[in-house]
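So you can see what is in the structure, the chains are spelled out below.
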Amino acid sequence: MPTDASTTYADLSLTLSEAGVGRPVLVLHGGGGPATVTGLAQHLSRTAHTITPVHPGWDGTPRPAWLTGIDDLARVYLRTLRERELRDVLVVGSSLGGWVAAEMAARDSAGIISGLVLIDAVGVEVDTEPIVDFFALDARGIAEHSWHDSDRYYLDPADLASEELARRQSNMATMRALAGDPYMHDPELLPRLSRIQVPTLLLWGESDRIVTPAYGAAYAEAFADGRLETVPEAGHLPHIEQPDAVYALIDAHLDRTANRSHPS
């Protein structure tokens with residue numbers, strides 16, 4: 001059964017959900033919040049020890065004043081893995097979570113991370129493929145840019161309960177605070193990716209209009225060992241629209257990159 005834990009720093013209480021036994025897998029959500037990776041974490045927990053944090057400031061969790069950027073999140077999560085004495089960690093990140101994963105790997109001087117999976121990640125600047133300004137879109141525009149089947153996943157804000165609407169607005173404000181300037185990228189990250197030696201799988205929905213498959217191809221090319229796999233009939237969250245296809249690709253990468261020193 002999943003368990004919830006809280007890792008406390010001087011002024012930061014980090015909320016984590018954990019489940020499963022085996023190789024440690026850190027699952028990082030994007031701007032939509034932890035619910036967007038719940039199914040993915042549940043799947044991975046069948047064969048691995050999943051650790052799924054709520055980024056500080058999302059879903060009503062506290063964010064200390066010093067935590068002002070994605071690089072800060074990366075340092076927090078690396079410290080968490082180090083303090084738990086974890087090794088051979090696969091980091092799986094969706095959208096903004098993929099950016100955090102890349103930043104972690106770029107800073108991982110201790111060799112804790114042994115594999116990456118970036119799902120429609122943001123975080124780098126590709127001159128020919130600009131990231132769509134998510135903050136400028138209305139609800140219909142977000143759906144049309146984010147989903148292959150936008151009619152299925154579109155939610156009219158007028159139909160949302162006040163609590164849910166407030167949660168979404170608060171999450172958006174936190175995302176803007178951490179990733180709004182410069183918008184959704186670290187100008188220095190792309191050239192640093194070539195120093196990351198761990199096998200990196202980039203999964204991309206073919207219909208993603210927030211960050212296009214061409215953006216994903218440029219991202220993958222920057223890694224020393226990067227590989228792009230596109231997912232048909234899926235947008236920015238392919239693990240929700242096409243879970244079976246995504247799970248199969250991640251399972252194969254998990255198996256391919258493991259050192260097999262973990263309990264089963």
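As a further point, take the pairing of strand β8 (residues 226-231). When strand β7 (residues 200-205) meets β8, the two strands line up parallel, connected through six bridges. Looking at the pairing, Trp 204 lines up with Thr 230 of β8.

Another aspect to go through is unusual backbone geometry. For residues besides glycine, phi is generally negative; the peptide bonds are generally trans as well. Cis geometry is adopted by the peptide bond preceding Pro 182, which originates at Asp 181 and carries an omega value of 0°. Backbone geometry at Asp 59 places phi at a positive 50°, although glycine is not the residue there. With respect to the secondary-structure elements, Asp 59 resides in the loop between β4 (48-53) and α2 (70-83). On the basis of relative accessibility, which here comes to 34%, the residue Asp 59 falls in the partly exposed class. Even without a glycine there, the phi angle at Asp 88 is positive, about 55°.

Of all hydrophobic cores here, the largest spans 55 residues; its most connected members are Met 104 and Tyr 219. Once you skip the residues sitting within four places of it in the chain, Met 104 turns out to touch Leu 26, Leu 28, Ala 74, Tyr 77, Leu 78, Leu 81, Val 91 and Ile 113. Counting 19 residues, the second-largest nonpolar core is a separate cluster that includes Val 27, Ile 119, Tyr 247 and Ile 250.

On to the side chain of Asp 186, then. As for its placement among the helices and strands, Asp 186 is situated in the loop between α6 (162-179) and α7 (189-192). A polar atom in the side chain of Asp 186 sits 2.9 Å from the backbone nitrogen of Glu 188. Not counting chain neighbours up to four residues away, the residues in contact with Asp 186 comprise Trp 99, Glu 103, Gly 123 and Arg 192.

Relative to the helices and strands, Asp 120 resides in the loop between β6 (113-119) and α4 (139-146). For Asp 120, which is buried and forms no salt bridge, the nearest opposite charge comes from Arg 209, at a distance of 12 Å. Among the polar contacts listed, one links the side chain of Asp 120 to the backbone nitrogen of Gly 205, at a separation of 3.2 Å.

The next subject is the pairing of strand β5 (residues 89-94). Of all the six residues making up β5, six are buried; the element is thus mostly covered by neighbouring parts of the structure. The two faces of β5 match: Val 89, Val 91 and Gly 93 on one face and Leu 90, Val 92 and Ser 94 on the other face are all buried. Sheet analysis places strand β3 (residues 23-28) next to β5, joined by four bridges and oriented parallel. Bridge pairing links Val 25 to Leu 90 in β5.

Basis of the calculations
Residues numbered from 1 in each chain as written. Predicted model: local features only at pLDDT ≥ 70, side-chain atom pairs only at ≥ 80, totals over all residues. Heavy atoms only, no water. Pairing = 2+ DSSP bridges. Helix = DSSP H or I, 4+ residues; strand = E, 2+ residues; numbered from the N terminus. Buried < 20%, exposed > 50% of the residue type's maximum accessible area, 1.4 Å probe, protein only. Core = buried A, V, L, I, M, F, W, Y, C linked by side-chain atoms within 4.5 Å. Contact = heavy atoms within 4.5 Å. Polar contact = N/O pair within 3.5 Å; in protein donor to acceptor, adjacent residues only side chain to side chain. Lys, Arg positive; Asp, Glu negative; His and termini not counted. Salt bridge = Lys/Arg side-chain N within 4 Å of Asp/Glu carboxyl O.

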